[in-house]
2 protein chains.
Amino acid sequence: MGMQNKRILVVEDEAPIRDMLRFALERADFRISLAGDVPEARLRIAESRPDLILLDWMMPGVSGIEFTRELKTGPMTKDIPIIMVTARAEEEDTVRGLNVGCDDYISKPFSFPELTARIQAVLRRTLPGGEEEQLAVAGLQVDAASQRVTAKGEPVRLGPTEYRLLHFFVSHPERVYTREQVLDRVWGQNVYVEERTVDVHIRRLRKALAPHGYDAMIQTVRGTGYRFSEKV
Amino acid sequence: MGMQNKRILVVEDEAPIRDMLRFALERADFRISLAGDVPEARLRIAESRPDLILLDWMMPGVSGIEFTRELKTGPMTKDIPIIMVTARAEEEDTVRGLNVGCDDYISKPFSFPELTARIQAVLRRTLPGGEEEQLAVAGLQVDAASQRVTAKGEPVRLGPTEYRLLHFFVSHPERVYTREQVLDRVWGQNVYVEERTVDVHIRRLRKALAPHGYDAMIQTVRGTGYRFSEKV
DNA sequence: TGGAATATGTCAGCTGGATTACACCGCAAG
DNA sequence: CTTGCGGTGTAATCCAGCTGACATATTCCA
């Protein structure tokens, strides 16, 4: 299922540790992004929202506290759980960090089983689809929390795959995707299904949206793939 | 802020460690009660309800596990978060294997920053809760004080687990939860139960609600989990 | 205290909706 | 007109969730 491997953003200034973490976490079946400092971390988050952030507390430049506060304040990022990584005996930072809103804490040196256990525990506590992700385009509303779609208030009945497909399109509008790209993003990377299967689900999605007049937003780009667009 | 000044009950048979903990935790601005064994701990709890219990699991007499179970069963004490203190990391796994409902673990030797951090984290996530409420959705009334449920006045017969399940759903409507999340929130954080068990209790809950016509509010979201919703 | 009633968790087989592949059709572009 | 791409209906397959039964734990009450 495409549900698994969560994205984890590792923010750590020391390259060797970063690589070690990447290795260990990839083995534990997570998808990893890396950032060496806070500005780079901001970039990575903007690219795609991670499900969890592993944040080294002691870094040159912007401190972990400031960055945590920044993240916990931003409406898009405030629900991303943060685990802070500190060296031992930094009591001050630890207490302050937890007050700022870190979700857990782990101190170097730590064992990988412990790290993955903490990550799993934190992920288990958080809710699917982030807290209040509310996508809406021209009266078409996709509510991630309840996994429901409404068109001008009217509920739209969708199967799981159609829901994921629509969710993907609504969050990536005005851009053409090939069938292969759609399969990658909606079905998951290591799944082999016929490309034409996308057609079938596109059709079903259009069919479900048609009574509400939204089917025209799923547009065919002949020779390439599909595009979600408000414009006709 | 409000996090400090919380009452912590330390249950630990070795006096030196007890004193050390008291010193460290008082410096971290907690109010501390001490108990050298389980009977004494019962007394302290009766005196005044602590906000958190730090419990050594290797003690003469009643073991930490038994005591945890006792606390988690009692209606007055079941909401007090418990952090279990174990001698070694391996024992953590042993303890974890048993179905004890404690909220976190820490293994000796630990640093004080780590201890306070864990305490903060546990308090943070268990902070909201414990109050009695009167929940009602569309004629379905859940009375927390008496643990009774009525549907349009008619009493609904529910087992304890079904009651907690319904209470959880009614207080978190319009949102999908995975089985894992339901287990975490309804059964407790470190209780290991098969995910399929959720299905069974969902079914029992639906069965109990069916005669009153409320079973449709417990909705299956295929591929994800369940949702409680007023809407069809 | 002992036995009945109730509650809980696990399992395995079942079932129907969801997913997928495939074959055929229609139409747009060149 | 022809070519090939995308649309559509259908049928096979699959799998998530449903269900009933059972074993065990807990509570209740005589």
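Everything that follows concerns the structure shown earlier in this document.
Report on the accompanying structure. (Residues numbered from 1 in each chain as written. Chains lettered and ligands numbered in written order. Predicted model: local features only at pLDDT ≥ 70, side-chain atom pairs only at ≥ 80, totals over all residues. Heavy atoms only, no water.)

Some details on the protein's contact with DNA strand C
Put simply, the test is: If a single non-hydrogen atom of a residue is within 4 Å of a molecule or strand, that residue counts as near it. Whenever two N or O atoms come within 3.5 Å, that pair is a polar contact, provided that in protein one can donate a hydrogen and the other can accept it, and provided that, for residues adjacent in sequence, both atoms are side-chain atoms. Only runs of H or I of at least four residues qualify as helices and only runs of E of at least two qualify as strands under DSSP, and these elements are numbered from the N terminus. Here the term charged refers only to Asp, Glu, Lys and Arg, the term nonpolar to Ala, Val, Leu, Ile, Met, Phe, Trp, Tyr, Cys and Pro, and the term polar to all other amino acids, Gly among them.
Taken together, the neighbourhood of DNA strand C is formed by 21 residues, with T161 and T197 of chain A together with T161, T197 and R204 of chain B sitting nearest. Across the atoms of DNA strand C situated within 4 Å of the protein, the share located in sugar and phosphate is 68%. Between a phosphate oxygen of DNA strand C and a side-chain N or O atom of W187 of chain A, the distance comes to 3.0 Å. For DNA strand C, a phosphate oxygen lies 3.2 Å from a polar atom in the side chain of H201 of chain A. Listing elements by their share of the surface near DNA strand C, those giving two or more residues are helix 6 (160–171) and helix 8 (196–209) of chain A together with helix 6 (160–171) and helix 8 (196–209) of chain B. Its residues assigned to classes, the surface near DNA strand C shows eight nonpolar, six polar and seven charged.

Points about the protein's contact with DNA strand D
Contacts to DNA strand D come from 21 residues, most closely from R203 and Y226 of chain A together with R203, T220 and Y226 of chain B. Among atoms of DNA strand D positioned within 4 Å of the protein, sugar and phosphate together represent 78%. Within the contact set of DNA strand D, a sugar or linking oxygen lies 3.3 Å away from a side-chain nitrogen or oxygen of R179 of chain A. With respect to DNA strand D, the side chain of T220 of chain A contributes an N or O atom lying 2.9 Å from a phosphate oxygen. Secondary structure elements with two or more residues in the surface near DNA strand D: helix 8 of chain A together with helix 8 and strand 11 (218–221) of chain B. Of the residues that constitute the surface near DNA strand D, the class distribution is three nonpolar, six polar and 12 charged.

Quick notes on the sheet that holds strand 7 (residues 140–143) of chain A
Residues and elements named next belong to chain A. Applied cut-off: Two strands form a pair only when DSSP identifies at least two bridges running between them. Helix axes use the C-alpha atoms of the stretch in contact, all axes being lines fitted to C-alpha atoms, and the angles between their N-to-C directions lie in the range 0 to 180 degrees. Residue contacts follow a heavy-atom distance rule, with two residues in contact if any of their heavy atoms lie within 4.5 Å.
With respect to topology, four strands assemble into an open sheet ordered 6-7-8-9, the strand pairing being antiparallel. The open sheet has two free edges, formed respectively by strand 6 (134–137) and strand 9 (154–156), since each of these has just one partner strand. Within the sheet, the average angular offset between the axes of one strand and its neighbour, ignoring direction, is 25°. As judged from the four bridges shared by strand 6 and strand 7, these two strands associate in the antiparallel manner. Within strand 7, the position partnered with V137 by the bridge is L140. Helix 6 rests against strand 6, strand 7 and strand 8 (148–151) of the sheet, and its axis sits at about 115° to strand 7.

A look at the nonpolar core
As a rule of thumb, soluble globular proteins bury nonpolar side chains together. Residues and elements named next belong to chain A. Operational definition: Only buried Ala, Val, Leu, Ile, Met, Phe, Trp, Tyr and Cys residues count toward a nonpolar core, and they belong to the same one when joined by side-chain atoms within 4.5 Å. Each residue gets one of three labels from its accessible area relative to the maximum for its type: buried under 20%, exposed over 50%, partly exposed in between, using a 1.4 Å probe on protein chains only.
Counting 29 residues, the largest nonpolar core has L140, L165, L166, F169, V182, L209 and F228 as its most contacted members. Of all elements in the fold, only strand 6, strand 7, strand 8, helix 6, helix 7 (179–187), helix 8 and strand 12 (225–228) reach the threshold of two or more residues within this core. With six residues, helix 6 is the single largest residue contributor to this core.

Here we look at the side chain of R179 of chain B
All names here are of chain B. Residue position: R179 is located in helix 7 (residues 179–187). In this structure R179 comes out as buried when scored by relative accessible area, which is 16%. The residues contacting R179, other than those within four sequence positions of it, are E195, R196, V198, D199, T224, G225 and Y226.

A short note on the sheet that holds strand 3 (residues 52–56) of chain A
Residues and elements named next belong to chain A. Pairing is parallel across the open sheet formed by five strands, whose spatial order is 2-1-3-4-5. One side of each edge strand has no neighbouring strand; the edge strands of this open sheet are strand 2 (31–35) and strand 5 (104–108). Geometrically, the sheet is characterised by an average inter-axis angle of 20° between neighbouring strands, direction not taken into account. The strands that helix 1 (residues 15–27) touches are strand 1 (7–11), strand 2, strand 3 and strand 5; relative to strand 2, the one it contacts most, it runs at about 170°.

With respect to the packing of aromatic side chains
To keep it simple, the criterion reads: Pairing of aromatic side chains here covers Phe, Tyr and the six-membered ring of Trp, requires ring centres within 6.5 Å, and sorts the geometry by plane angle: under 30 degrees stacked, over 60 edge-to-face, intermediate tilted.
The final tally for this structure, using the stated rule, is five aromatic pairs over all chains. Both rings, one in F168 of chain B and one in F169 of chain B, keep their centres 5.6 Å apart while their planes meet at 50°; by these two values the pair is tilted. Considered together, F168 of chain B and F169 of chain B belong to a single accessibility category, that of buried residues. Pairing F168 of chain B with Y177 of chain B gives two aromatic rings, centres 4.9 Å apart and planes at 65°, and the pair type is edge-to-face. Given the relative accessible area of 6%, F168 of chain B is considered buried. Residue classification places Y177 of chain B among the buried residues on the basis of a relative accessible area of 2%. The rings of F168, F169, Y177 and F228 of chain A are connected pair by pair, giving a single aromatic cluster.

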